Amino acid sequence: MTIQDTQTILQPELVNQLERKISYLRDLQSAIKNNQISQVYQLLDPHKLNDNVKKISSEVSMVQLEYLIADIKKDIAAFLAPELINYVVTNFNFLTLAPVAEDATNYNVYLGDWWDHRQVGTLNVLSVMMTSDDTIFSELIETAKLPEGKTINATKIQELREVITGLESFLADNTKRSLELQVIEDQLSEISANKSGLFGRSDKVTREALEKKQELLIATQKRVPEVEEKLSKQQEDLLTFEKEDALRQLELQAILAHYVDVPEFSAALQNIYVSYMTKLD
Amino acid sequence: MDKFETKLYSNQLKADLDLFNRWQVLIDALSTTDNMPELLAILQKILAFDSHQSKMVRIDNEYWFPTTHWVTIAFAKLSEQASLSSTKVVLPNAQKVAELHFAEWPNAAFRFMQAPLAAGGYYLVETAQNLRVLYWDIMHKRFYLDTNQFAKLVQTQAVQLAGLDALATFQKRLTAIASQFIEVAYDIMLPGLDAQKQVGLEMIQKDLSTNILDSLFVLAAKQQFILKRMTGEKNGAIITIGEVSLKLTQHDINDGHEQWTYDIIDDNKIVTIYTLFQQLPFFYQWYSDHLTVVGLKDKREVFVD
């Protein structure tokens, strides 16, 4: 077989392949031009749409050609994002979304719009898939099971408060200790001045007792900076635990205002692709 | 008078009587004038009056009042002119220091006391809790609010019981007095008192730590209020209380630091930061917990304990 014969045999297949690519790009161009969002998603991942939404088997031969658009994915994401974000914030109005820096295809998803709200996951605009933070969901499920007024950190908070009260009381007693020391110093000076007095032996016993008390008080006073530091650390820990509890309470309140329970909300997030495509149709 | 000399005696007595005659004229003028600049000028002369210039005549009886008495009388006149709510001067039994009673706060009494400052001046103090409201320096024309102690005062039972309208009336009273003082070139600093000026109330310290805002978030959440991150051009945090918003706004300043302010947004221009201190216990708790950082910037140097 000559080179020409080989070319003649391969030519139709090659032309077909090129035709499929051109057709794919033309379809995508047309979908974008006509603002057919659902069609764009269909072209980005036909298997996913057919399997999940249309419940029909995709043709095995249907080759995904999305690699053809690898270099313009960011632009396609920018095109798709407004509609999707609008859908999410309308249907999950207690979620807030913020684009991931220098990544047009992903949005960080936060629970609530309050101070230091927690990120619950990341939404991919092209796949309409959300990755979720399992720890947050576990914590929320645990919180929901607790009796009214109880929190995950309640015990730790109670313990810390007791420690803090003790430390504050130690520091508050410092003025009393200083005065006590002053009195002991005065008494010791008085004994020293009276060393040749009649009661020499009892003075010695008293002096020793006072000196021991003085040593103890000085040693206690030396602990003040260490206690202050510890108090500051414990207060920081208390704030951390209280903040965690406050965040979980707000998150749970927001979720339960819209869903029966946390798993139902989690399922709704996992099902976002299907619900969005259904809405687009 | 080294020697007994009738003419000298007579001259000195006349000089002393003239001196006290001037005193009488001043007191009379103080009681009759309705003109604010004149009132302040008379008060300055009363405060400068030195009875020790009198060599022979001494007045030593229960009517020889300390200077704070005349400051009280003058302030009462200004206060009466500044508000429809009346001001009364009361001299409690067996006391030499007159008290001020403002009609809006029937269960509270106030008095003036001398500030322990080289520059002089007087503090207006609430008597039950000994809480300072303001500093008034008549000689150097200064009128400043003690924001720390006034915030504490609005928490007291007497003031809480009187309610929000009473607080508003008292704030308007002081604001109106300050407006009169501005006309005679006074230096005024009454942060947060005027309901019309509730934006840009500066905090004492720059660069607020995240911990401090976290702590406000936690205290607010316990009372079912939500601290939110501010959206828009400015950074900061916001709490919405009905139709009123309390904003903690961050401003970049030239020295590389950030100045934080309180902005109270109330379309009706009724609510002040002190209204919020009174109505939102969590906000006052947070404010007093972090007073050295988030306290309102005032003329702290004149408030000496």
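Residues numbered from 1 in each chain as written. Chains lettered and ligands numbered in written order. Predicted model: local features only at pLDDT ≥ 70, side-chain atom pairs only at ≥ 80, totals over all residues. Heavy atoms only, no water.

With that settled, consider the overall build of chain A. Assigned secondary structure in chain A consists of 11 helices and four strands. The principal-axis extent of the C-alpha atoms belonging to chain A is close to 135 × 50 × 30 Å. Looking at the 281 residues of chain A, the share that counts as buried comes to 35%. When the accessible surface of chain A is totalled, it reaches about 17200 Å², and 53% of it is carbon and sulfur. Looking at chain A, you have 29 positive and 44 negative side-chain charges, and the mean spots of the two groups are 5 Å apart. (Helix = DSSP H or I, 4+ residues; strand = E, 2+ residues; numbered from the N terminus. Buried < 20%, exposed > 50% of the residue type's maximum accessible area, 1.4 Å probe, protein only. Areas by Shrake-Rupley, 256 points an atom, 1.4 Å probe, with all protein chains shown as cover. Lys, Arg positive; Asp, Glu negative; His and termini not counted. Charge placed at Lys NZ, Arg CZ, Asp CG, Glu CD.)

On to the nonpolar core, then. One finds B:Trp136, B:Phe150, B:Tyr262, B:Tyr274 and B:Phe283 to be the most contacted residues of the largest nonpolar core, which totals 140 residues. Per-element tally for this core: the top contributor is helix α5 (residues 157-182) of chain B, with nine residues. Counting nine residues, the second largest nonpolar core, distinct from the first, contains A:Ile157, A:Leu160, A:Leu167 and A:Val227. (Core = buried A, V, L, I, M, F, W, Y, C linked by side-chain atoms within 4.5 Å.)

This paragraph deals with the packing of helix α2 (residues 36-48) of chain B against helix α3 (residues 67-82) of chain B. Residue and element names in this part refer to chain B. As a packed pair, α2 and α3 sit with axes 10 Å apart at the nearest point and diverge in direction by 175°. As judged from the angle between their axes, α2 and α3 are roughly antiparallel. When α2 is examined against α3, the residues Met36, Leu39, Leu40, Leu43, Ile46 and Leu47 are found in contact with a partner set consisting of Thr67, Trp70, Val71, Ala74, Lys77 and Leu78. (Axes fitted to C-alpha atoms, helices over the stretch in contact; angles between N-to-C directions. Parallel < 35°, antiparallel > 145°, perpendicular 65-115°, else oblique. Contact = heavy atoms within 4.5 Å.)

All names here are of chain A. At their nearest, the axes of helix α2 (residues 37-44) and helix α4 (residues 73-91) sit 11 Å apart, and the two run at 130° to each other. In terms of their interaxial angle, α2 and α4 are classed as oblique. α2 and α4 meet at a crossing whose hand is left-handed. Side by side, α2 and α4 meet where Ile37, Val40, Tyr41 and Leu44 of the first sit next to Ile76, Phe79, Leu80, Glu83 and Leu84 of the second. Residue composition of the contact of α2 with α4, by class: eight nonpolar, no polar and one charged. (Left-handed = near helix turned anticlockwise from the far one by under 90°. Nonpolar A, V, L, I, M, F, W, Y, C, P; charged D, E, K, R; others polar.)

Since the α-helix turns once every 3.6 residues, residues separated by three or four places project in the same direction. Residue and element names in this part refer to chain A. A rise of 1.5 Å per residue sets the reference length of α4, with its 19 residues, at 27 Å; its end C-alpha atoms lie 26 Å apart and thus fit the reference within 8%. Most pronounced at alanine 81, the bend in α4 amounts to some 40°, and the proline proline 82 follows within four residues. The set of residues buried in α4 consists of Ile76, Ala77, Leu80, Ala81, Leu84, Ile85, Tyr87 and Val88. Close packing links the buried residues of α4 with α1 (3-33), α2, β1 (95-100), β2 (103-111), β3 (119-124) and α11 (272-280). (Expected span 1.5 Å × (residues − 1). Bend = angle between axes of the 7 residues up to and from the residue.)

Turning our eyes to something else, we now look at the domain arrangement of chain B. All names here are of chain B. As far as domains go, chain B holds domain 1 (6-64), domain 2 (68-189) and domain 3 (201-295). The centre of domain 1, based on its C-alpha atoms, is set 26 Å off from the matching centre of domain 2. Contacts between the two partners involve 19 residues from domain 1 and, on the opposite side, 17 residues from domain 2. Interface area, domain 1 with domain 2, both sides summed: about 1500 Å², of which 74% is carbon and sulfur. Linking domain 1 to domain 2 there are zero salt bridges. Between the two partners, domain 1 and domain 2, sit five residue pairs in polar contact (both at pLDDT 80 or more). (Domains from an automatic or database assignment. Buried area = accessible area lost by both parts, 1.4 Å probe. Salt bridge = Lys/Arg side-chain N within 4 Å of Asp/Glu carboxyl O. Polar contact = N/O pair within 3.5 Å; in protein donor to acceptor, adjacent residues only side chain to side chain.)

Quick look at the packing of aromatic side chains now. Applying the stated criterion to the full structure yields 39 aromatic pairs over all chains. Of the aromatic side chains, those joined through ring pairs into one cluster are B:Phe102, B:Trp105, B:Phe110, B:Phe150, B:Phe170, B:Tyr262, B:Tyr274, B:Phe277, B:Phe283, B:Tyr284, B:Trp286 and B:Tyr287. In this arrangement the basic side chain of A:Arg223 is found over the ring face of A:Phe170, its NZ or CZ atom lying 5.3 Å from the centre. The lysine or arginine in question, B:Arg132, covers the ring of B:Tyr123, its NZ or CZ lying 4.8 Å from the ring centre. (Phe/Tyr/Trp six-rings, centres within 6.5 Å; stacked < 30°, edge-to-face > 60°. Lys NZ or Arg CZ within 6 Å of the ring centre and 35° of its normal.)

For the rest of this paragraph, the subject is the interface of chain B and chain A. When the parts of a complex come together, some accessible area is lost, and that lost area is often used as the size of the interface. Contact with chain B, which involves 16 residues of that partner, is made by 13 residues of chain A. For the pair chain B and chain A, the summed buried surface comes to about 1300 Å²; carbon and sulfur atoms form 66% of the total. The interface formed by chain B and chain A holds five residue pairs in polar contact (both at pLDDT 80 or more) in total. Mapped by element, the contributors of at least two residues to the side of chain B that touches chain A are α6 (210-222), β9 (227-229) and β10 (235-241) of chain B. A per-element tally of the side of chain B that touches chain A places α6(B) first, with nine residues. For the side of chain B that touches chain A, a count of residues per class yields seven nonpolar, five polar and four charged.

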